[in-house]
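# Secondary and tertiary structure notes
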Amino acid sequence: MDTSNYGPDIEGPGERHAAEYVAGKLDEVGISVEVLESRPRRTTLVASWEPEGCDKSIPALLVHGHTDVVPAIADEWSVDPFSGEIKDGCIWGRGAVDMKNFDAVILAVVRDRVRTQRPTRRPMRLVFTADEEAGGSLGSIWLADNHPDLIADCTQAVGEVGGFSLTVEGQRLYLIQTAEKGIAWLKLIAEGTAGHGSMRNDDNAVAELVRVVTALDSHVWPATLHPAQQAFLDNVGETLDIQITSSNVEETLTKLGSIARMVGATMSHTLTPTMLEAGYKANVIPRVATACLDGRYLPGRKEEFLDIVRGYLSEKVRMEFIQEQPGVEAEWGTTLTDAMAASVREFDPTAKLTPYLMSGGTDAKGWAKLGIQCYGFTPLKLPPDFEFISMFHGVDERVPVESVEFCTDVFDRFLDLA
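This report concerns the structure included in the present document. (Residues numbered from 1 in each chain as written. Predicted model: local features only at pLDDT ≥ 70, side-chain atom pairs only at ≥ 80, totals over all residues. Heavy atoms only, no water.)

### What about empty space enclosed by the protein?
Per the counting criterion, the structure on display carries three cavities of 30 Å³ or more. Empty space within the largest cavity amounts to approximately 70 Å³. What lines the largest cavity is Val 97, Met 99, Asn 101, Phe 102, Glu 160, Val 161, Gly 162, Phe 164, Thr 378, Leu 380, Phe 388 and Phe 392. Classifying every residue of the lining of the largest cavity by side-chain character gives eight nonpolar, three polar and one charged. (1 Å grid on protein atoms, 1.4 Å probe; cavity = no way out; pocket = protein on both sides within 12 Å on 5 of 7 lines; lining within 4 Å. Points joined across faces, edges and corners; volume = space filled by probe spheres on them. Nonpolar A, V, L, I, M, F, W, Y, C, P; charged D, E, K, R; others polar.)

Structure (structure tokens):
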């Protein structure tokens, strides 16, 4: 299903088709759903499932997945990006990793448990959201702002970008996302004096903007280790039998394959220029020039990040927020993370679980607004040489069939323990 999300200002197919499919599959086993739309065809689905035999004295668990995907250019792919083709032992297609694989696992496990009359330990809230790929303003954030009552009894949530394996020196580490960086998408606006390009101009908006953007891009952000990042590095160091310090951390990260890019991005704040816009003719100095920057700050350190950015601005360059979402943090060493560990080890006895901090954002941004503790737990046992991180938003996105089968088995057991 093509559920490409082109962003809030560009019309796309929306998520309605996928939401109707999910609703139909849940309806087949007697689970009623609420279908909600923030805009036409921007569809989020919420189902309350409290099977007979579950302990209703325990707060409900929020299990969530998004049905939108980033766009795909078909000519760049080896297969039709919306075919779902099974080839070379993998499921290929946009969303195979991010994150229709887990959507399918949720449906498979829930439907089977209903048919075999196997209750979960606690009540469940199943949520399939719109718009995660554009920040969730039409999905999880919209739901939290407009229909918080539907998930108000949830205290914990599990979703994407965690639980996958990373093989280090023969040891499989399963990375559980317990934190994610905050988002500060910024727009810098420079204003100057318009004029003829052939004349001198000491009030050139383009030149001033370029100066500020270049200075920001050159800023060296000092390493600051969040507790989840420190725990991850400690576990990697223990596996490699070395102590990871600031002097050897970069060298150590190179041993982790493609995930090193994501882990490296969580060693500090980051700020990346992504868009520039100015002028309409080569010989006209424009009055206004703008730049967009993708800022990601460590949880709990928003003001520190913004103070540094503001320090580079000038009287002629001001800053506006395109989007701002807080960092997310959840506890490690809880009964829920213990249940994750137990369920993974039942199918991979030598597994070692570790928390980690993710550089990107998920629908947890919406749930955290309601005080829900959010975890990334999509347990995938991956081949050691599988470039998993490069699959996110990549060409020829795919996931091993055996990994999805493993996820299904582990997640089914997890619902007994969670």
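Moving on from the coordinates now.
### Side note on helix 5 (residues 227–240)
Taking 1.5 Å of rise per residue, 14 residues should cover 20 Å, and helix 5 covers 20 Å from first to last C-alpha, within 8% of that figure. Of all the residues in helix 5, the buried ones are Ala 228, Gln 229, Phe 232, Leu 233, Asn 235, Val 236, Gly 237, Thr 239 and Leu 240. On the buried face of helix 5, the contacting elements are strand 8 (164–168), strand 9 (171–180), helix 6 (249–253), helix 7 (259–264) and strand 17 (352–358). Looking one or two residues past helix 5, Asp 241 carries a phi angle of roughly 60°, positive in sign. (Helix = DSSP H or I, 4+ residues; strand = E, 2+ residues; numbered from the N terminus. Expected span 1.5 Å × (residues − 1). Buried < 20%, exposed > 50% of the residue type's maximum accessible area, 1.4 Å probe, protein only. Contact = heavy atoms within 4.5 Å.)

### A word on the packing of aromatic side chains
Under the criterion given, the structure shown has nine aromatic pairs. Judged by centre distance (5.5 Å) and plane angle (25°), the ring pair of Trp 221 and Phe 305 falls under stacked. Linking Trp 221 in the loop between helix 4 (205–218) and helix 5 with Phe 305 in helix 8 (residues 302–310), this pair joins segments that are 84 residues apart in sequence. For Trp 221, a relative accessible area of 14% corresponds to the buried category. Classification of Phe 305 as buried rests on a relative accessible area of 0%. Through a chain of ring-to-ring contacts, the aromatic side chains of Phe 102, Phe 377, Phe 411 and Phe 414 assemble into a single cluster. (Phe/Tyr/Trp six-rings, centres within 6.5 Å; stacked < 30°, edge-to-face > 60°.)

### Looking at the layout of surface pockets
Of the volumes computed, that of the largest pocket is approximately 1,100 Å³. Every residue lining the largest pocket is counted, 37 residues in all, and those nearest its centre are Glu 133, Trp 185, Asp 294, Arg 296 and His 393. When residues of the lining of the largest pocket are traced back to their parent elements, those giving at least two are strand 10 (182–191), helix 7, strand 12 (270–278), strand 14 (288–297), strand 15 (317–325) and helix 11 (388–391). For the lining of the largest pocket, the leading source of residues is strand 14, giving four residues. Volume-wise, the second largest pocket comes out at about 650 Å³. In terms of lining residues, the second largest pocket is bounded by 26 residues, among which Tyr 21, Lys 100, Asn 101, Asp 103 and Ala 104 are the most central. Of all the secondary-structure elements, those providing two or more residues to the lining of the second largest pocket are helix 1 (16–28), strand 5 (90–92), helix 2 (100–115) and helix 12 (401–417). Among the elements that make up the lining of the second largest pocket, the one with the highest residue count is helix 2 (seven residues). In terms of residue class, the lining of the second largest pocket is built from 14 nonpolar, seven polar and five charged.

### Observations concerning helix 2
Between its terminal C-alpha atoms helix 2 stretches 22 Å, which fits the 22 Å expected from 16 residues at 1.5 Å a residue. Downstream of helix 2 by a residue or two, Gln 117 has a phi angle that is positive, lying close to 55°.

### Some thoughts on the pairing of strand 14
The element strand 14 is largely enclosed, with a buried count of eight among its ten residues. As defined by bridge partners, strand 10 adjoins strand 14 across ten bridges and the pair is classed as antiparallel. Among the inter-strand pairings, Gly 182 is bridged to a residue of strand 14, identified as Tyr 297. Relative to strand 14, strand 12 is paired through eight bridges, and the arrangement is antiparallel. Residue Met 275 lies in a different strand from strand 14, and its bridge partner there is Cys 292. (Pairing = 2+ DSSP bridges.)

### Details of the side chain of Thr 3
Residue placement: Thr 3 occurs in the segment before helix 1. Polar side-chain contacts of Thr 3 include one of 3.0 Å to the side chain of Lys 100. In this view, Thr 3 contacts Pro 13, Gly 14, Glu 15, Ala 18, Thr 67, Asp 68, Val 69, Phe 82 and Lys 100; residues no more than four positions away in its chain are not counted. (Polar contact = N/O pair within 3.5 Å; in protein donor to acceptor, adjacent residues only side chain to side chain.)

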